[in-house]
Amino acid sequence: SAFLKNLKKTESRLSHLEPLSLWTPFDTMILPASSSVWSIACNEKINVLAHPLMLTDKRVFKRMEAYIRSHNPTGLNLSPKN
């Protein structure tokens, strides 16, 4: 896609952010599934049964939360407001 091509051209601008890329080997939307691996990211495979299920899988959210908390150099309060 044009979006991915543009992202590839400018990805060096994002490398200092240490992005996280979570992907599933069972993806049938992104083929091959391993193409979800991003050269500048911390890439982690999570065995979710389908691409859309990544949006609701508790393991994905727990990993994202842990990653954000561990990469919070400013000490911002990341707790949800009640």
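Residues numbered from 1 in each chain as written. Predicted model: local features only at pLDDT ≥ 70, side-chain atom pairs only at ≥ 80, totals over all residues. Heavy atoms only, no water.

Peer 1: What's the story with the pattern of salt bridges in this structure? I'm lost.
Peer 2: If charged atoms from side chains of opposite charge come close, those side chains can pair. With the rule as written, the count across this model stands at 4 salt bridges. Across the pair Arg59 and Asp57 runs a salt bridge whose closest N-O atoms are separated by 2.9 Å. The exposure class assigned to Arg59 is partly exposed, which follows from its relative accessible area of 43%. The partner of Arg69 in a salt bridge is Glu65, and the shortest N-O contact between them spans 3.2 Å. Of the two residues, Arg69 and Glu65 both sit in helix H2 (residues 58–70), 4 residues apart, roughly one turn of that helix. When its relative accessible area of 40% is taken as the criterion, Glu65 is described as partly exposed. (Salt bridge = Lys/Arg side-chain N within 4 Å of Asp/Glu carboxyl O. Buried < 20%, exposed > 50% of the residue type's maximum accessible area, 1.4 Å probe, protein only. Helix = DSSP H or I, 4+ residues; strand = E, 2+ residues; numbered from the N terminus.)

Peer 1: Explain the nonpolar core to me, please; I cannot follow it from the model alone.
Peer 2: In summary, soluble globular proteins display a tendency toward joint burial of nonpolar side chains. Counting 5 residues, the largest nonpolar core is built from Leu22, Ile46, Val48, Met54 and Val60. Apart from the residues lying within four places of it in its own chain, the contact partners of Ile46 are Leu22, Trp23, Thr24, Pro25, Arg59, Val60 and Arg63. (Core = buried A, V, L, I, M, F, W, Y, C linked by side-chain atoms within 4.5 Å. Contact = heavy atoms within 4.5 Å.)

Peer 1: Looking at this structure, I do not really get the layout of surface pockets. What am I missing?
Peer 2: Taking a probe equal in size to a water molecule and rolling it over the atoms shows the remaining empty space. Of the volumes computed, that of the largest pocket is approximately 790 Å³. Considering the residues around the largest pocket, the lining is formed by 28 residues, among which Leu20, Ser21, Leu22, Ser36 and Trp38 are closest to the centre. Counting residues per element, the lining of the largest pocket draws most heavily on H2, which supplies 5 residues. Along the lines of polarity and charge, the residues of the lining of the largest pocket split into 16 nonpolar, 8 polar and 4 charged. (1 Å grid on protein atoms, 1.4 Å probe; cavity = no way out; pocket = protein on both sides within 12 Å on 5 of 7 lines; lining within 4 Å. Points joined across faces, edges and corners; volume = space filled by probe spheres on them. Nonpolar A, V, L, I, M, F, W, Y, C, P; charged D, E, K, R; others polar.)

Peer 1: How do you make sense of unusual backbone geometry when you look at a structure like this?
Peer 2: Leu31 connects to Pro32 through a cis peptide bond whose omega is -10°. Considering the arrangement of structural elements, one finds Pro32 in the loop between strand E1 (20–23) and strand E2 (42–45). A positive phi angle is found at Glu18, which is not glycine, with a value near 50°. When you line up the elements, Glu18 lands in the loop between helix H1 (2–10) and E1. Residue Glu18 is classed as partly exposed on the basis of its relative accessible area of 45%.

By themselves these figures say nothing about function.
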